[in-house]
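# Structural characterization, general
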Amino acid sequence: MDATPSPAVTPPPAAAGEDHRVTPLMEQYIEIKAANPDCLLFYRMGDFYELFFGDAEVASRALGIVLTKRGKHRGQDIPMCGVPIERADEYLHRLIALGHRVAVCEQLEDPAEARKRGGKSIVRRDVVRLVTPGTLTEDSLLDARRNNYLVAIARAKPSADGESRYALAFLDISTGEFRLAECDRTGLPAELARLEPGEIIVSDALYGDGEVAPLLRRLPVTPLGRDVFDGATAERRLAAYFAVATTDAFGTLSRLELTAAAACVTYVERTQIGKRPPLSPPTREAAGTTLAIDAATRANLELMRTQSGERRGSLVAAIDRTVTVAGARLLSQRLAAPLTDPETIARRLDAVALIAGDALLRADVRERLAAAPDLARALARLVLGRGGPRDLAAIRDGLEAAAGLQARLAEVPATAEVSEAMAALACPDPAIAAELATALADELPLLKRDGGFVRPGYDATLDETRALRDESRRVVAALQARYADDTQVKSLKIRHNNVLGYFVEVTAQHGERLMAPPLNATFIHRQTLAGQVRFTSTELGALEAKIASAADRALGLELEIFERLAARVVAATDDIKAAAQALAAMDVAAGLATLAVERSYVRPEVDASRDFVITGGRHPVVEQALVDDGAPFVANDCDLSPPRADAAGRISLITGPNMAGKSTYLRQNALIAVLAQMGSFVPAKTARIGVVDRLFSRVGAADDLARGRSTFMVEMVETAAILNQATARSLVILDEIGRGTATFDGLSIAWATIEHLHEQNRCRALFATHFHDLTALAAKLPRLFNATVRVKEWHDDVVFLHEVVPGAADRSYGIQVAKLAGLPAKVIERARLVLAELEAEDRKSPARRLVDDLPLFSAARAAPASPPPDPAAEAVMKALAALSPDEMSPRQAMDALYALKLLAKPQN
Ligand code: ADP
Ligand code: MG
C-alpha cells in the first residue's frame, strides 16, 4: 500500500517578535493532535469535522476538497479544510484506502454546558476512536462479503538450529473472530496471502529487521512500540481484555502466541479508546491443519480474484451461491484455507450431501437464510455503542431466522456439523427477538437521535409524551385559525424555522396593522422581510416551549428504550455470535449444495493416501463461462496416484499445441483439490484425493515489473520456492517453465526441474511444456508419464479436441495456430519453410541424445561436450562426496580441507 504517512503537525514555531497568543481552541487542538501524531485529526466543530495545518493539506489533496484558512496561529495563517459529518464515512473510507489513519475527535458536551462555565470556555473535546484499516466496523467502510483482518506478528528469537518462529494473531473486530497460528519464515508469506490483512501490526524492532522487511514493505503495516509486544505482560493484558483471571481456558498458548494475541487486543483497545468489541476467545489453528498455498499460487489459480484483480472470473465467484453476507465471508475463509484432515473435511461434505440430497430442505433452508441480516457486524456495532435502530432490527430478524432454521433442520436426520449448528441456533433466548419485535417500529431511521423507532403501544409513557407533542401541534393549528380570525388576515400563517422557532407570518401589506394598536398588544414584531413580516406572541412562545419539551422528552424516552434493548442484546453476545456463526455455516453448506446440484458436482473422497484420481474432471470457472455461451466443456481424467502403495506420486508431462487446453487441464486438477479439501463437491464424475499438504502452481509468465524483477526472474524465484518446499504430500502444477529464456537454457531448466520433482520432492505433479524433447524423459523416470491434448488436422488446419490422452504430441502446430489467428498467408508460408529447415537441423541436435547420455539427477554428471575427465578433479569430487559437514568438528573440517587441497594439486 502506498501509505503516505500523515505528517507531524506541530504548528510552525513563532518567528521572533510575532504575536505569541494562542486561542483556547487552538490550544486544545494542539494538545489533542500532539497525543495522536500519526493520525489525521478529524476535529469536531458543530456539523463538521475540521482538519488543520498539515492534516488539512494532506486531506484536501487526498479528498479533492477546498483548502481554506481559519484565523492565525502565531502570526501565520492556519490551513483548514472540513468534512460535513453526514458525509464523514465516505471521506474516512477514502482516506483509509489511501493508507491514512484517522483520529476522530468529538465534542463531549453541549456548547450550552461550556458556556455555563464562563464566556471564554470552549467545548470539551477528545478523541473517541482511531480509525485504521484493520479496525473498521461500519458497513459503509467494509466489504460485506469479506473479512477484514487485523494481524499481529510476533517473532521468537532463532533457536539453536537458527530458525525463527512466528506467531500470528488475527481478528476481525466487525465479526469477533479471533485466531492464532504459528509458522516459520518460509510459511509466513503464505499465511499472510491467505488472510489478506486489512492491517498488520508488528513491533518497531521486527519492522526494521532484514528477515521480514522485504515482505512487509508491500503490505499495510503499522509498526508499534515494544510495550504492545511485551511478552512479560502479554498474558495479563489478554486476560484483562476478556475479564478472566487467567488465559488457561483458552488452551495452552505458547508465550509467542500470547504475545501476538495480546498485541492484537491492546491495539484494539487503543484504537477503540477503551471500548472492547465482542471478540471470541482466541483459538489456535494447529500447524499443518490447512492446505498451504503461497501467494503466487493463489494468484495463478485465481482463487479470490483474477490476475487483473477482479472477483468476476475467480473461483470464489464461480462457486458462491450463499444468500447471506456472513455466509459469503465464511465461504471465502474456507476457500482461502482448505483443510488437511480427512475427517473434518468429511464432516463438511456430510452437511453438503444432506442438503444437496433434499431439494425441499434446500429451498426452505435458503429461504430462511435469505431473511437473516449480518448479525455479527450489527452486534459488534451495538457492543461498541455505535449501533442504531437498524442494528437492533438486524438482531431481531437474524434471531428469528435462526429459530426458524433450527426448527426446519430438526425435521431431518442431522449430520454432525448440522447438529452442532442446530445447537448454536437454539442458544439465544427467544424472548430477545420477541421483545425487539414488539419494541421496534416498522420504518426505522438510520440514527437513533432521529427518533421515531419505537413502536406505538410499546411504552405507555412514551405514547403519552408523543400524544402531548402531537396535541400541541394541533393547538398551534387552532391558534393559527384564531389569529387569522382576530386579525381578519386570512393568509396569516404560523411557521417554524431553526432561527426564530415558531412565528406568525403575514404579508407586508398586513404587517402595519399587526404592529399598530390594538393588535400590537398581542403580536410582538420579530423580523421584516421583503414580502413578509414576522411576529411572535406570549401564547405562541409558551406553546413552543411545551412542544419542544414534549419532543425532547419523547426522544429522551426513546433513547432510554434503545439503551435498554441494546443492553439486553449485548448481554447475550456470546449466544448471538454462536447463532450467527451457525447461520453462516449452514449458508455455506446450502450454497455448496446448490452449486453441486446446479452444476452436477460430485462428492469427492478425501483420504490419507497419496492417490489422486479424477475422472471426468472439469474446470469450475472455464466450464461455467463456456456453458453460459452454449459451448460444451470436454471433461478429462487425471491419475497421479503412486504406482504402488509404498511409492511416491506420479508426474504427468503434458505436451500439445498452444490453445489445446493444457493450462486449463492443469488448473482444473489443482482447483478440484482445493474444492475437495475445503469441503465442497467437485466438478467431476468421481474424485479420490489423498490429502494434499501444500499446493504449488506456477502458471504462465506473469510480468511483475512493479517489483523490479524480470518475468524470467519471477518464474525462477517461484520455481525455486516449489523445489525447496514441496513434500511427498504436495501437489505441484508447473506450466511452461523455462519459457522466459533462450530455448536451450529453458529446456535445461525444465529438464532439471522435472528430475528434481521426481527424485527429490517425490510429489504428485502436472507439468505442461512446449519442449517436446522432455517427453523422452518418460523412458528414464519410472513415475513420469506423457500425456497430450488431442488435436485433429484438417486441410492444413488444426481442430482442438481438448481431450487429454496418453502419449506425446508430435508437433506444436504453432504455425496452424498462427494461421487461425490471422497472420498473413505469406508469413505463414515462409514460416513453414523455416520450420522444415530447423526440424532437419534439430534431428542432429545434442538435446536428442541427452536422455541416453545424461546420468540421472543428483548423480555426478558430465556435459556431453566436456573435455576428457581430469583424474585430479575426479578424486576431489569423490572425496568431497564422502564428506558430511554436519557431522564434522571444526578440527576435522580443517583437516578435510587440507586433504582436498592436496588431492587437487596436479600430479606430475
Ligand atoms: P493451452 O494452455 O494449451 O495453450 P488453454 O488451457 O489456455 O490452452 O486453453 C485454451 C482455450 O481452450 C481456453 O480458453 C478454453 O476456452 C478452451 N478449452 C480448454 N480446455 C477446454 C476443455 N476441456 N473443453 C472445452 N474448451 C476448453
Ligand atoms: Mg497454456
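Residues numbered from 1 in each chain as written. Chains lettered and ligands numbered in written order. Predicted model: local features only at pLDDT ≥ 70, side-chain atom pairs only at ≥ 80, totals over all residues. Heavy atoms only, no water.

### Points about the overall build of the protein
Along its length, the protein carries 31 helices and 27 strands. A principal-axis box enclosing the C-alpha atoms of the protein has dimensions of 135 × 75 × 70 Å. The burial tally for the protein puts 49% of its 908 residues in the buried class. The contacts of the protein with a sequence gap of at least 6 include a subset with a gap of at least 24, amounting to 68%. Accessible surface computed for the protein: about 42,500 Å², of which carbon and sulfur atoms make up 55%. One finds the centroid of the 109 positive side-chain charges in the protein at a distance of 2 Å from the centroid of its 119 negative side-chain charges. (Helix = DSSP H or I, 4+ residues; strand = E, 2+ residues; numbered from the N terminus. Buried < 20%, exposed > 50% of the residue type's maximum accessible area, 1.4 Å probe, protein only. Contact = heavy atoms within 4.5 Å. Areas by Shrake-Rupley, 256 points an atom, 1.4 Å probe, with all protein chains shown as cover. Lys, Arg positive; Asp, Glu negative; His and termini not counted. Charge placed at Lys NZ, Arg CZ, Asp CG, Glu CD.)

### Digging into the site of ligand 1
The full set close to ligand 1 counts 13 residues, and Val634, Met659, Lys662, Ser663 and Thr664 are the nearest of them. Backbone polar atom of Val634 to a nitrogen atom of ligand 1: 2.8 Å apart, as the coordinates give it. With respect to ligand 1, the backbone of Ala660 contributes an N or O atom lying 3.2 Å from an oxygen atom. When ligand 1 is considered free in solution it has 560 Å² of accessible area, and contact with the protein chains removes 79% of it. Per-element accounting of the shell around ligand 1 gives the leading share, three residues, to helix 24 (residues 662–678). Grouping the constituent residues of the shell around ligand 1 by class yields seven nonpolar, five polar and one charged. (Near = heavy atom within 4 Å. Polar contact = N/O pair within 3.5 Å; in protein donor to acceptor, adjacent residues only side chain to side chain. Nonpolar A, V, L, I, M, F, W, Y, C, P; charged D, E, K, R; others polar.)

### Here we look at the packing of helix 16 (residues 389–409) against helix 21 (residues 538–571)
Closest axis-to-axis distance for the helix 16/helix 21 pair is 11 Å, and the angle between their directions is 40°. By the angle class used here, helix 16 and helix 21 are oblique. In the packing of helix 16 onto helix 21, the handedness of the crossing is left-handed. On the side of helix 16, the interface is formed by Pro389, Leu392 and Ile395, while helix 21 contributes Phe562, Leu565, Ala566 and Val569. Looking at side-chain class alone, the contact of helix 16 with helix 21 contains seven nonpolar, no polar and no charged residues. (Axes fitted to C-alpha atoms, helices over the stretch in contact; angles between N-to-C directions. Parallel < 35°, antiparallel > 145°, perpendicular 65-115°, else oblique. Left-handed = near helix turned anticlockwise from the far one by under 90°.)

### Section: the confidence of the model for the protein
Confidence in the prediction of the protein, expressed as mean pLDDT, is 87, and 93% of residues score 70 or more. This stretch, residues 1–8, has a pLDDT under 50; its non-local contacts, to residues over four places away or in other chains, come to 20 contacts. (pLDDT = per-residue confidence, 0-100.)

### A closer look at the environment of Arg783
Inspection of the secondary structure puts Arg783 in the loop between strand 25 (764–768) and strand 26 (784–794). With a relative accessible area of 7%, Arg783 lands in the buried category. The spatial distance from the C-alpha of Arg783 to the C-alpha of Arg44 is 70 Å, given a sequence separation of 739 residues. Every residue in contact with Arg783, bar those within four places of it in the chain, is listed here: Pro643, Ala647, Ala648, Gly649, Arg650, Ile651, His758 and Arg762. At a separation of 2.8 Å, a polar atom in the side chain of Arg783 contacts the main-chain carbonyl oxygen of His758.

### Some remarks on the nonpolar core
With 117 residues, the main nonpolar core has Ile395, Leu409 and Val569 as its most contacted residues. By residue number, the principal contributor to this core is helix 22 (residues 573–599), which donates 14 residues. Here Ile395 is in contact with Leu375, Ala378, Leu379, Leu382, Leu436, Val569 and Ile576, once residues within four sequence places are set aside. With 30 residues, the next largest nonpolar core counts Leu171, Leu253, Ala262 and Val265 among its residues. (Core = buried A, V, L, I, M, F, W, Y, C linked by side-chain atoms within 4.5 Å.)

### Some remarks on the packing of helix 14 (residues 359–370) against helix 22
Taken N-terminus to C-terminus, the directions of helix 14 and helix 22 make an angle of 135°; their axes are 10 Å apart at the nearest point. Taken together, the axis directions place helix 14 and helix 22 in an arrangement best described as oblique. The two elements helix 14 and helix 22 meet at a crossing, and its hand is left-handed. Side by side, helix 14 and helix 22 meet where Arg362, Val365, Arg366 and Leu369 of the first sit next to Leu583, Met586, Asp587, Ala590, Gly591, Ala593, Thr594 and Val597 of the second. Partitioning the contact of helix 14 with helix 22 into residue classes produces seven nonpolar, two polar and three charged.

### Some words on helix 9 (residues 255–271)
Helix length check: helix 9, at 17 residues, gives a terminal C-alpha distance of 24 Å against a target of 24 Å (1.5 Å per residue), a fit within 8%. Burial analysis of helix 9 places 14 of its 17 residues in the buried class, which makes it a mostly covered element. Just downstream of helix 9 lies Ile273, where phi reads positive at about 50°. (Expected span 1.5 Å × (residues − 1).)

### Here's the deal with the packing of aromatic side chains
Any two aromatic rings considered together are summarised by their centre-to-centre distance and by the angle between their planes. Applying the stated rule across the entire model yields 12 aromatic pairs. On the basis of an interplanar angle of 40° and a centroid distance of 5.5 Å, the ring pair of Phe42 and Tyr49 is categorised as tilted. Here Phe42 matches Tyr49 in class, with each residue buried. Each ring, one from Tyr241 and one from Phe242, has its centre 5.3 Å from the other, and the planes form 65°; the classification is edge-to-face. By relative accessible area, Tyr241 is classed as buried at 6%. Three or more aromatic residues joined by ring pairs make a cluster, and in this case those are Tyr29, Tyr43, Phe52 and Phe53. Taking the ring centre of Tyr49 as reference, the NZ or CZ of Arg44 above it sits at 5.7 Å. The ring of Tyr241 carries Arg276 above its face, with NZ or CZ at 5.6 Å from the centroid. (Phe/Tyr/Trp six-rings, centres within 6.5 Å; stacked < 30°, edge-to-face > 60°. Lys NZ or Arg CZ within 6 Å of the ring centre and 35° of its normal.)

### A look at the pairing of strand 14 (residues 493–497)
Two strands pair when backbone bridges link them, and strand 14 and strand 15 (residues 501–507) are joined in this way by five bridges, in the antiparallel orientation. When the bridges of strand 15 are listed, Arg495 appears paired with Phe503. (Pairing = 2+ DSSP bridges.)

### Observations regarding the sheet that holds strand 18 (residues 605–607)
If you walk across this open sheet you meet the four strands as 18-22-19-20, and the pairing is mixed. The two strands at the open ends of the sheet, each matched to only one other strand, are strand 18 and strand 20 (636–639). On average, adjacent strands in this sheet sit at an angle of 10° to one another, irrespective of strand direction. Sheet strands touched by helix 24: strand 18, strand 19 (612–617), strand 20 and strand 22 (686–690). Its angle to strand 19, the strand with the most contacts, is close to 110°.

### Things to note about the sheet that holds strand 2 (residues 48–52)
As summarised here, the arrangement of the six strands in space is 3-4-2-1-5-6, forming an open sheet in which the pairing is mixed. Unpaired on one side and paired on the other, strand 3 (68–73) and strand 6 (125–131) mark the two borders of the sheet. Sheet twist, expressed as the average angle between the axes of neighbouring strands with direction ignored, equals 35°.

### Quick word on the state of the cysteines
Counted under the stated rule, the structure contains zero disulfides. Not part of a disulfide, Cys105 finds its nearest cysteine sulfur in Cys39, a span of 12 Å. Exposure remark for Cys105: the relative accessible area of 0% places this residue in the buried category. (Disulfide = S-S within 2.5 Å.)

### Thoughts on helix 24
Between its first and last C-alpha, helix 24 extends 25 Å over 17 residues, near the 24 Å set by a 1.5 Å rise per residue. Of all 17 residues that make up helix 24, 15 are buried, and the element is covered over most of its length. Immediately downstream of helix 24, the backbone of Gly679 shows phi near 95°, a positive value.

### With respect to the side chain of His619
Secondary-structure assignment places His619 in the loop between strand 19 and helix 23 (620–628). Accessibility expressed as a relative area gives 6% for His619, which makes it buried. Within polar-contact distance, the side chain of His619 engages the backbone nitrogen of Val621 at 3.1 Å. Here His619 is in contact with Phe633, Thr664, Arg667, Gln668 and Leu671, once residues within four sequence places are set aside.

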